[in-house]
Amino acid sequence: MVNIFTTISVRHYVLSLGLVINTTVCCYLSYRFQSPSFGVATLLPVIAGWLMVKSIYTEKVKRTNYVLSVICLVLTLGLYQSNLGCFIVIILILFMKLLLCDESQKAYLLLKSSIVITIISCVLYKMSWDVCLWARGVSASDYNGAGSTNILSLIMNMPIDIVKAYFLWISYFSFENGNYVFKIIRLLIIAILFVFVLAVGIKRLRKAPAKMVMYIIAFICIPMGANIALLLAPGADWVLWEQMTGPHPFTLALLFLLVDSLDLKYDKVFIVLAALILYGNIYAVGVDIDALSQGNISKDVIMNDMVSNLMHEEKCAEDTQYAFVGNICYSNLFRKNENWDRASNYAKAGDFGNLSHCVLDCYNGTLEDIGITLNLVDLDTYNEILASEELKNMPTYPYAGSIIQKDNIVIVKISEEY
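Analysis parameters
Residues numbered from 1 in each chain as written. Predicted model: local features only at pLDDT ≥ 70, side-chain atom pairs only at ≥ 80, totals over all residues. Heavy atoms only, no water. Phe/Tyr/Trp six-rings, centres within 6.5 Å; stacked < 30°, edge-to-face > 60°. Buried < 20%, exposed > 50% of the residue type's maximum accessible area, 1.4 Å probe, protein only. Patch = residues over 30% accessible without salt bridge, like charges linked within 9 Å, V, L, I, M, F, W, Y side chains within 5 Å. Areas by Shrake-Rupley, 256 points an atom, 1.4 Å probe, with all protein chains shown as cover. Salt bridge = Lys/Arg side-chain N within 4 Å of Asp/Glu carboxyl O. Helix = DSSP H or I, 4+ residues; strand = E, 2+ residues; numbered from the N terminus. Core = buried A, V, L, I, M, F, W, Y, C linked by side-chain atoms within 4.5 Å. Contact = heavy atoms within 4.5 Å. Polar contact = N/O pair within 3.5 Å; in protein donor to acceptor, adjacent residues only side chain to side chain. Pairing = 2+ DSSP bridges. 1 Å grid on protein atoms, 1.4 Å probe; cavity = no way out; pocket = protein on both sides within 12 Å on 5 of 7 lines; lining within 4 Å. Points joined across faces, edges and corners; volume = space filled by probe spheres on them. Nonpolar A, V, L, I, M, F, W, Y, C, P; charged D, E, K, R; others polar. Axes fitted to C-alpha atoms, helices over the stretch in contact; angles between N-to-C directions. Parallel < 35°, antiparallel > 145°, perpendicular 65-115°, else oblique.

Undergrad: I keep staring at the packing of aromatic side chains and nothing clicks. Help me out?
TA: Centre distance and the angle of the planes are the two values used to describe a pair of aromatic rings. This structure, assessed with the given rule, holds 17 aromatic pairs. With 4.9 Å between their ring centres and 85 degrees between their planes, Tyr172 and Phe173 make a pair best called edge-to-face. Per residue, the accessibility class of Tyr172 equals that of Phe173, and both read buried. Judged by centre distance (6.5 Å) and plane angle (80 degrees), the ring pair of Phe194 and Phe219 falls under edge-to-face.

Shown next as structure tokens:
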């Protein structure tokens, strides 16, 4: 990615580390079943951006690069739609750089071709998606509005989705989700970087008003480009947690690269500022890793102890079903320190949330982690148990009465949060 903007040097490793060491990547890795997909979906848009840059400088392989870019973006959408924003951000910031370097013809060619490539990629992805659904005889899930996405809904929801995009942008760069040291300094560095990039563009392009306006528009569109998934999925929630913010750390690295590529006399100052951002990232990721470790150990120990008690009370049988009720992180036995409380939301292992299907899946996954096979109740039965008066009066595990059996269903109340 560095090679897209400038010649690689030792100082650029600070920016590369900033992309690798951050809470978003930590979140990606916490999804062990999906982390390879996240990784490839992060690499492919960078390759697509690199190919698009090559296409504006090399006429011979332009069509080949366009085709390869489309393939990369279709695969990106298939793996993880949010990371299409990485490609959009690369193109927008590179467009700004070309304007500053008085290569406006190449800038507009890059922008126009990238828009066309992105549209073609989205259309081909949608077509292949529909074909796959038809071939497998299944329908699209309604998760985050996936099953109801169409051109009309995209247009109708565009205003509110743009607001969502800026909301998520501000939320991410306020650094509330994660334990960052020197938070005030981080916020100041971000403000300096954004203001400086905007000011440099206005100063350099003030004698070319049309270019200056396009530069400002591109700068303003960065949050929308980074959160393009919100515009493509009108049913998405207002808050898209750390998992969805891959393009945001890209934006920081790219803006630092933009400043560095302009050969300003104080560009090294920005590398120092980038190093301070990296230091905060390292600290935040360290806290997240500790929280993941604490949470995983605690929930596994609690479940092992619980299974041992079920065996001791002779409540384990092949025809028995089980319902574990309550968010395990609120159990009296769940051990955690201040790092767990300060960690980003996705690093808080053991926090199963309060959606019944998620809680049920989390208990099933925890049993799998400890190598135990128990037949859990289905979702309808689980919801009936959650609504029962008997459950409300039960004490929480490990106190007497926290484990009861009704017919062939064993109910274990783990916490009051359910």
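Undergrad: Just checking my understanding: could you explain a nonpolar patch on the surface for this structure?
TA: A surface patch of nonpolar side chains, amounting to about 610 Å² of accessible area, comprises Ile115, Val116, Ile119, Ile120, Val123, Leu124 and Met127. Here Ile119 shows up in helix H7 (residues 104-136).

Undergrad: Looking at this model, I keep getting lost on the nonpolar core. Mind explaining?
TA: Note on soluble globular proteins: their nonpolar side chains tend to be buried together. In this structure, Leu193 and Val197 are the most contacted members of the largest nonpolar core, which totals 77 residues. Counting residues per element, this core draws most heavily on helix H6 (residues 84-100), at 15 residues. Those residues in contact with Val197 that lie beyond four places of it in its chain are Met96, Tyr215, Phe219, Leu255, Leu258 and Val259. Ala291, Met303, Met306 and Ile411 belong to the second largest nonpolar core, which has 42 residues in total.

Undergrad: I would appreciate a short explanation of the pattern of salt bridges in the present structure.
TA: Opposite charge on two side chains permits them to pair, given that their charged atoms come into close proximity. Under the criterion given, the structure shown has eight salt bridges. Of the charged contacts, one joins Lys392 and Glu389 as a salt bridge, the two residues approaching to 3.4 Å between their closest N and O atoms. Here Lys392 pairs with Glu389, and both are found in helix H18 (residues 389-393), just three residues apart, close to one helical turn. The class of Lys392 is partly exposed, set by a relative accessible area of 47%. Among the residues examined, Glu389 registers a relative accessible area of 53% and is labelled exposed. Measuring nitrogen to oxygen at the nearest pair gives 3.0 Å for the salt bridge that ties Glu416 to Lys413. Assessed through its relative accessible area of 49%, Glu416 is described here as partly exposed.

Undergrad: It is not clear to me how the side chain of Thr42 should be interpreted in this structure. Could you clarify?
TA: Position of Thr42 relative to the elements: it lies in helix H4 (residues 35-57). One polar contact links Thr42 to Asn83, side chain to side chain, over a distance of 3.0 Å. Leaving out residues up to four positions away in the same chain, Thr42 has contacts with Tyr28, Asn83 and Phe250.

Undergrad: Looking at this structure, how should I read unusual backbone geometry?
TA: Trans peptide bonds make up most of the peptide bonds, and negative phi angles are found at most residues other than glycine. Look at the link from Tyr397 to Pro398: it is a cis peptide, with omega at 15 degrees. By the secondary structure assignment, Pro398 is in the loop between H18 and strand E3 (403-406).

Undergrad: Can you help me understand the pairing of strand E1 (residues 321-325) in this one?
TA: On any regular strand, side chains alternate: one points to one face of the sheet, the next to the other face. Most of E1 is tucked away: four of the five residues are buried. Of the strand pairs in this sheet, E1 and strand E2 (residues 375-376) are connected by two bridges, and their pairing is parallel. Bridged to Tyr322 within E2 is Leu376. One ladder, built from five bridges, connects E1 with strand E4 (residues 409-413); its direction is parallel. Looking across to E4, one finds that Phe324 is bridged to Val412.

Undergrad: I would appreciate a short explanation of empty space enclosed by the protein in the present structure.
TA: Over the atoms a probe the size of a water molecule is rolled, and this reveals where empty space is left. Applying the stated criterion to the full structure yields four cavities of 30 Å³ or more. Taken as a whole, the largest cavity holds about 160 Å³ of empty space. Every element with two or more residues in the lining of the largest cavity is listed here: helix H2 (12-20), helix H13 (247-261) and helix H14 (267-312). For the lining of the largest cavity, a count of residues per class yields 13 nonpolar, three polar and one charged.

Undergrad: How should the packing of helix H9 (residues 158-173) against helix H11 (residues 209-226) be read in this particular structure?
TA: Two measures define how a pair of helices packs: the angle their axes make with one another and the distance between the axes. Where H9 meets H11, the axes come as close as 8 Å, and the angle between the chain directions of the two elements is 95 degrees. Considering their axes alone, H9 and H11 lie roughly perpendicular with respect to each other. Note on element contacts: H11 touches H9 through Ile220, Cys221, Ile222, Pro223, Met224 and Ala226, opposite Ile162, Ala165, Tyr166 and Trp169. When grouped by side-chain class, the residues that make up the contact of H9 with H11 number 10 nonpolar, no polar and no charged.

Undergrad: Would you explain the environment of Glu176 in this entry?
TA: Relative to the helices and strands, Glu176 is located in the loop between H9 and helix H10 (183-204). A residue is classified by how much of its surface remains accessible, and Glu176, at 57% relative accessible area, is exposed. Considering only alpha carbons, one finds Glu176 and Val20, 156 residues apart in sequence, at a separation of 20 Å. Residue contacts for Glu176: discarding those within four places in its chain leaves Ser171 and Lys183.

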